[in-house]
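Here is what each chain is made of, one letter per residue.
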Amino acid sequence: MDLSFTAEQEALREAFASLFAHTAGTDVVRAAEPLGFDEKVWDQLVRTGAPAMAVPEGLGGGGAGFVDLIVVAQELGKRLAPAPLVEAVVATNLIAEAAPGGPLLQGLVDQDRVATLALQPVASGTARLVPAGAVAEVLIALDGDELVAFERPAGARPHVPSPPNLGASPIADWSLDGPDLQRTVLAGGAEARRLHHRARAEWQLLMAAALDGLRSAALDIGVEYVKSRWAFGVPIGWFQAIQHRLADVATAGEGAQLLLYEAAWARDTGGADADRLAAMAFLYQSELAQLTTRESLQFHGGYGYTLEYDIQLYFRRAKAWPLALGDPARLACELARDLFAPES
Amino acid sequence: MDLSFTAEQEALREAFASLFAHTAGTDVVRAAEPLGFDEKVWDQLVRTGAPAMAVPEGLGGGGAGFVDLIVVAQELGKRLAPAPLVEAVVATNLIAEAAPGGPLLQGLVDQDRVATLALQPVASGTARLVPAGAVAEVLIALDGDELVAFERPAGARPHVPSPPNLGASPIADWSLDGPDLQRTVLAGGAEARRLHHRARAEWQLLMAAALDGLRSAALDIGVEYVKSRWAFGVPIGWFQAIQHRLADVATAGEGAQLLLYEAAWARDTGGADADRLAAMAFLYQSELAQLTTRESLQFHGGYGYTLEYDIQLYFRRAKAWPLALGDPARLACELARDLFAPES
Amino acid sequence: MDFTITDELADVRDEAVRWVAEHVDPEWADIQHRSGDYHTPELHQLLARDGWLGAGWPAEYGGRDRSPAQAAAIHQEIAALGIHEDGWSTTDMVCKTLLHVGTEEQKQRYISKALAGETVIVLGYTEPDSGSDVAAAKCRAERDGEDWVIHGQKMFTSTAHMATHVFLLTRTDFEAPKHAGLTLFMVPLDAPGVEIQPTHTVGGQRTNTTFYSEVRVPDDARIGEPGHGWDVMGVALVYERGGGGAGRTGPSLTDRVAGWCRGQITPEGTSLFDDPTVQQRLARIAIESEVARLLGLRVGWVAGQGGMPGVEGSMAKLYGSEAKQRHYSAMQDILGAEAVLTHGSPGAPLAGEVDTAFRYAIVGTIYGGTSEIQREIVAQRRLGLPRSRPKS
Amino acid sequence: MDFTITDELADVRDEAVRWVAEHVDPEWADIQHRSGDYHTPELHQLLARDGWLGAGWPAEYGGRDRSPAQAAAIHQEIAALGIHEDGWSTTDMVCKTLLHVGTEEQKQRYISKALAGETVIVLGYTEPDSGSDVAAAKCRAERDGEDWVIHGQKMFTSTAHMATHVFLLTRTDFEAPKHAGLTLFMVPLDAPGVEIQPTHTVGGQRTNTTFYSEVRVPDDARIGEPGHGWDVMGVALVYERGGGGAGRTGPSLTDRVAGWCRGQITPEGTSLFDDPTVQQRLARIAIESEVARLLGLRVGWVAGQGGMPGVEGSMAKLYGSEAKQRHYSAMQDILGAEAVLTHGSPGAPLAGEVDTAFRYAIVGTIYGGTSEIQREIVAQRRLGLPRSRPKS
């Protein structure tokens, strides 16, 4: 067992922490609402090669592993950076595997196009509430028996209107019958389902990492607040009820982080448990991000409720981000069947 | 709205509080383990006419309502009195409705026989883990399409071996093919199911009351303990984490009690919601009894874990009593269907 | 024991419905939602004009010969349309306080204008550095001849930008113990030196930060004796809590979520409502909602019996506000990916009501005394546990 | 990052299995369960005889030329049979403390006999009036010439009735600050004035209350300097916490509950496992168990890196013990009415293991520092929040 990051990974963390600190302060996050997308942040990420960082080097990518990817996603989550990196990485990885030689991948590796994934299968010709759907040029979706890449012409973002939403995310419906969409079949049948399932697991893993960043930042904000806010002659962090509740979310949070690391490691090492661990990390980080931001907001008193304080930005996203995958109870049931009654 | 008890009900409470205080101290409760039955307590209850107190006066009963019954059941719960009054009342009420003129009822009204109810339908000729099954002479069970009373000859209790169990309750299996059991059909078809369903709802209501007594006594024990136990130079009740957790269970507890009262009132007034409210009160009291006894035990520190202190008696029963009805999640689903998608 | 909820307003409900149908524009709900102003001056004027604000008040202070029951029914009908009357509720509360602690002259002056709709009074208690610890207020009022001069800042002065007066908590004695140096004033919001800045909230409401710089008020704007502000606030607080009455009830949000689930078909071809995890969550919400309702009703019952439902009010507020946060969050999970769509988003389930409720519920465990303060009240007053605050 | 758990004992596991198969009677688990004595003297003697207790200890204190790895593997195999070695674990801990703080003569005297199985040492820290506040101990030791005379009482002196010595925390200075007046002694349990009374627990274990009345011990029974007892205990505590190693793993209790559910047919004719509420609960248990496992492994990793895993240990203990209570309670719900049947009851699901685990889990959030103490440690040492205890 080794819980340390390599020196390269530490450097990667530093680099992205610094990138997000410079490009994605909470003023930028606020300004990017309600769309939840900032062109400058995205450009910076494209310049670092982040969207294709896990694509094999031979294909023009960075050849990184998932432990590297979650480091970046954690830093993104800490800053709530308004850029669809999680979706882009997952979609780009998928294209790199399914269509390694095609122009599709080339367009993603070299340019600032955004690719994304429809987490649910297409129904009635529509991919509903696609994460990053409003700003993406490329959408990968499971359409019946086929895994399909839909491409739209470049243009000013948002390409597709994004409905106002709790997390200020660039979610949007894609109507897939339009004449302006170029349709490329990437795979069919069992292979299509396998690839989509894997991509969905990767999304869970990277979203778990983003949530971990969000969660830990929200805890830090709460801890700092209760240290500096005084009432009844003491910092409110003196009060035992506050201490114990923060200790509980801190403890569970460190555990959740270990689970995240284990899930990333399992993905990198081809572990048979990789999908299950991704689901576990995602479910647990979702729940804890909500609890942690709630506690932190509560201890802000009335300020927590104002748009002025940052904690509300975290609180809203903690609920909204994971909901992209739908009711967590359904995912939990899926996980339980996978763990305890696998179809052989 | 009126949340007060009548003077008669207050007197009833006093009387039973005093009866249980004199007959069912925790020494008696301990001595009655593992069977969970004390002949003397039961005799005293029979002498007050409690098992038949809700039977119409014309049939030799007390003509009491459910608000009266829950007062008695609360007092029983507070003392953990080792006597199957909840089951006896429910079974006796059922017989009074289904066979008002028969000798069966007479035997229950006048004598010290214990009657009980199988909460689940008979399967493979056995009524499994019947509450009070080890000490009952009469069992009412839903056997296929029929509601049947099974009578066994009187004899020294336990009549049927009771397996060691968490709550030290006189639960037992009844094998129903034995030649010594007298079988009387009380009803068939839809009427049988209706009567059984009603009796099961009454059991939930009275068990909710017993759990409410248990819960409130456990809270009192916990509060007293944290007031008298000192650590770090103060009573441990000074510590805010303890205060807040006790405040939470106290608050929810008073709400649960109101729900119990509403359920009893609905039963007495023939409210259409009566069964649903009984299920709600039962589910909520079950959960809160467990939480309250757990918190109270926890604040006892190491003592809470010793058999010497009373809180463990409460803790074990809080889990065990409601489990007689099986997994609470199944009951919750049943309730939800009843509330939100009733079969018309 | 009787849980019958008698609608004490049954007799007058029809008339109230008629008045509201004739005068109230249902669009005002949407306008409030968009603007974040939970006060509609047009409505306030209409209510004043027809005497509904003055219903039940003594005639000598501007009370009108109108049925208080009908007035209450009208307010309920307005609330049922989703229209808030925050300006009236703070005004009403302050006027009730004045009835108890004001001088005769003050009652004449303030109450009659308030009932006539000419003044709207808001609350200025909380400060940047005093939330739960209200008595730590530092906003300073100093005697200067016949006047008082006020310096300071208040947070969460909701509706201030649409109001005429603020009921302002100040410190007039910095030497006295914390609770003994406070005094309340009725300060005109158009007085020189008052500045109002908007603060926006997650729930969409606008509230305000108000600043007071050399604001001069005459001594007759002082409510109660100097240094007795804590007791005056105590009178007002009684009116701030309090349980819900019967009110108008339609299908609850839980009912509507359940209905929505019944209509959703899962990929497996069954109704979403058939999912036992959905059922289990709805059952829990139903149970806890009923418990919250009963705790609320009890407050009114205790008060009706002549009791002071202090702890009961804390319990109802604590339980209800915490339960709501759990419930709306669980409802969002049940609704799934679409739950994030806000009011007005195309395709938002139940028109985004769950999202609105979720956002609004955040503040429920904070305003009017945080859950932490309520737990302390329950622990100390109900359970008799010792005071655990640090001495200050 | 690497989550591979290497079994450092892999090489010696076969031999350990052989030794255990030859010498250990699996019935001892049942005997312990029935008697509540979590120490089997017969086993202890065998381990001592074959040198396993002395494995890895310096020869000059009775250490034996045996592989410590194999000894560890043997203890794991014994644990896997459900047999406790409480007598050895306290003895081991005290001996390790002696290695650090004992005099040469004490090491010679106590350690060699302990490793030879001739002495069993138990802990006497907690008192009737001092649980979490261990330093509040009042058990008094007074100097009398060359001796010390001890008066007092201890709680939860587990295994005392089968042991030879108690490692006793006493107060030798009533004037000094609380933490500065403590001293530890090695007290023979057969000394005149020692009395042992049984205390039985919900989990079925027997523990003891021990009484000390004019118990006389020579000064060379004192461990560490007078007044330095708190530091001596600190050395011992390091050995008390600590994370779980790899150990032997079979199917977890969760796996077995899931398996049981798969085999149960509901009245609707489907497997109980098909119930989504069952699935959801099992998923939650699986997730939290994995989190608990990882927090535990981290303790070992930090220690292996040369760190002092204080906060990490508190986190692992807090999370794991609280999670277990939730899990076993949820498992009981899933098992339904039969869940109340205890070990040995006919028809008990999974032979009553869930009931046993549920009972045993109660004490997990209490012993070795309550959850409340662990939260305080986390809040103060990890989050840097101020100390909130009253001054005493």
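Because the structure is predicted, anything quoted here is derived from the model rather than measured.

### Digging into the pattern of salt bridges
1) Next: Applying the stated criterion across every chain, the model contains 117 salt bridges over all chains.
2) Next: Taking the shortest distance from any N to any O, the salt bridge between R30 of chain A and D310 of chain A comes out at 3.0 Å. Placement of the pair is R30 of chain A in helix α2 (residues 26–32) and D310 of chain A in the loop between α9 (274–299) and α10 (311–323), with a sequence separation of 280 residues.
3) Next: With a shortest N-O distance of 3.3 Å, E142 of chain C and R140 of chain C are connected by a salt bridge.

### Some details on the domain arrangement of chain C
Residue and element names in this part refer to chain C.
1) Next: Structurally, chain C comprises domain 1 (10–84), domain 2 (123–229) and domain 3 (242–381).
2) Next: Taken over C-alpha atoms, the centre of domain 1 sits 26 Å from the centre of domain 3.
3) Next: On the side of domain 3, 5 residues touch domain 1, which itself brings 8 residues to the contact.
4) Next: Roughly 520 Å² is buried in total at the junction of domain 1 and domain 3, and carbon and sulfur atoms are behind 56% of that figure.
5) Next: Linking domain 1 with domain 3 are 0 salt bridges.
6) Next: Counting the contacts that link domain 1 with domain 3 gives 1 residue pair in polar contact (both at pLDDT 80 or more).
7) Next: Of all elements in the fold, only α2 (27–35) and α4 (68–80) reach the threshold of two or more residues within the side of domain 1 that touches domain 3.
8) Next: Ranked by residue count, the leading element in the side of domain 1 that touches domain 3 is α4, at 3 residues.

### Brief notes about the interface of chain D and chain B
1) Next: The interface is formed by 56 residues belonging to chain D together with 42 residues belonging to chain B.
2) Next: A buried area of about 3800 Å², summed over both sides, lies between chain D and chain B, and 61% of it is on carbon and sulfur atoms.
3) Next: On the surface where chain D and chain B come into contact, there are 7 salt bridges.
4) Next: Across the salt bridge formed by D333 of chain D and K319 of chain B, the nearest N and O atoms sit 3.1 Å from each other.

### Regarding the environment of T207 of chain C
Residues and elements named next belong to chain C.
1) Next: Relative to the helices and strands, T207 is located in strand β7 (residues 206–218).
2) Next: The exposure class assigned to T207 is buried, which follows from its relative accessible area of 4%.
3) Next: Placed 10 residues apart in sequence, T207 and Q197 show a C-alpha to C-alpha distance of 8.5 Å.
4) Next: Setting aside anything within four residues of it in sequence, one finds T207 in contact with F156, T157, S158, Q197, P198, T199 and T201.

### Side note on the sheet that holds strand β6 (residues 182–188) of chain B
Residue and element names in this part refer to chain B.
1) Next: Taking strand neighbours across the sheet as the criterion, the 4 strands line up as β1-β3-β4-β6 in an open arrangement whose pairing is mixed. Both outer strands of the open sheet, β1 (115–117) and β6, are each paired with one neighbouring strand and no more. Taken pair by pair, the neighbouring strands of this sheet meet at an average axis angle of 25 degrees, ignoring direction.
2) Next: Note: strand β3 (residues 138–143) against strand β4 (residues 146–151), 6 bridges, orientation antiparallel. Residue pairing for β4: V138 is matched across the bridge by E151.
3) Next: With respect to the sheet, helix α5 (residues 85–98) is in contact with β1, β3, β4 and β6, its orientation differing from that of β1 by roughly 90 degrees.
4) Next: Sitting on the sheet, helix α7 (residues 189–228) is in contact with β1, β3, β4 and β6, with an inclination near 100 degrees to β6.

### Quick look at the interface of chain C and chain A
1) Next: Contacts between the two partners involve 56 residues from chain C, matched on the other side by 42 residues from chain A.
2) Next: The junction of chain C with chain A conceals about 3800 Å² of combined surface from both sides, 60% of it contributed by carbon and sulfur atoms.
3) Next: Where chain C meets chain A, there are 8 salt bridges.
4) Next: A salt bridge links R128 of chain A to E338 of chain C, with the nearest nitrogen and oxygen atoms 2.8 Å apart.
5) Next: Where chain C packs against chain A, one counts 22 residue pairs in polar contact (both at pLDDT 80 or more).
6) Next: Among the elements of the structure, β6 (194–200), α9 (276–304), α10 (310–335), α11 (353–361) and α12 (371–382) of chain C are those that each provide at least two residues to the side of chain C that touches chain A.
7) Next: Considering each element in turn, the side of chain C that touches chain A owes the most residues, 6 residues, to α10 of chain C.
8) Next: Across the side of chain C that touches chain A, the residue classes break down as 19 nonpolar, 22 polar and 15 charged.

Conventions used here
- Residues numbered from 1 in each chain as written.
- Chains lettered and ligands numbered in written order.
- Predicted model: local features only at pLDDT ≥ 70, side-chain atom pairs only at ≥ 80, totals over all residues.
- Heavy atoms only, no water.
- Salt bridge = Lys/Arg side-chain N within 4 Å of Asp/Glu carboxyl O.
- Helix = DSSP H or I, 4+ residues; strand = E, 2+ residues; numbered from the N terminus.
- Domains from an automatic or database assignment.
- Contact = heavy atoms within 4.5 Å.
- Buried area = accessible area lost by both parts, 1.4 Å probe.
- Polar contact = N/O pair within 3.5 Å; in protein donor to acceptor, adjacent residues only side chain to side chain.
- Buried < 20%, exposed > 50% of the residue type's maximum accessible area, 1.4 Å probe, protein only.
- Pairing = 2+ DSSP bridges.
- Axes fitted to C-alpha atoms, helices over the stretch in contact; angles between N-to-C directions.
- Nonpolar A, V, L, I, M, F, W, Y, C, P; charged D, E, K, R; others polar.

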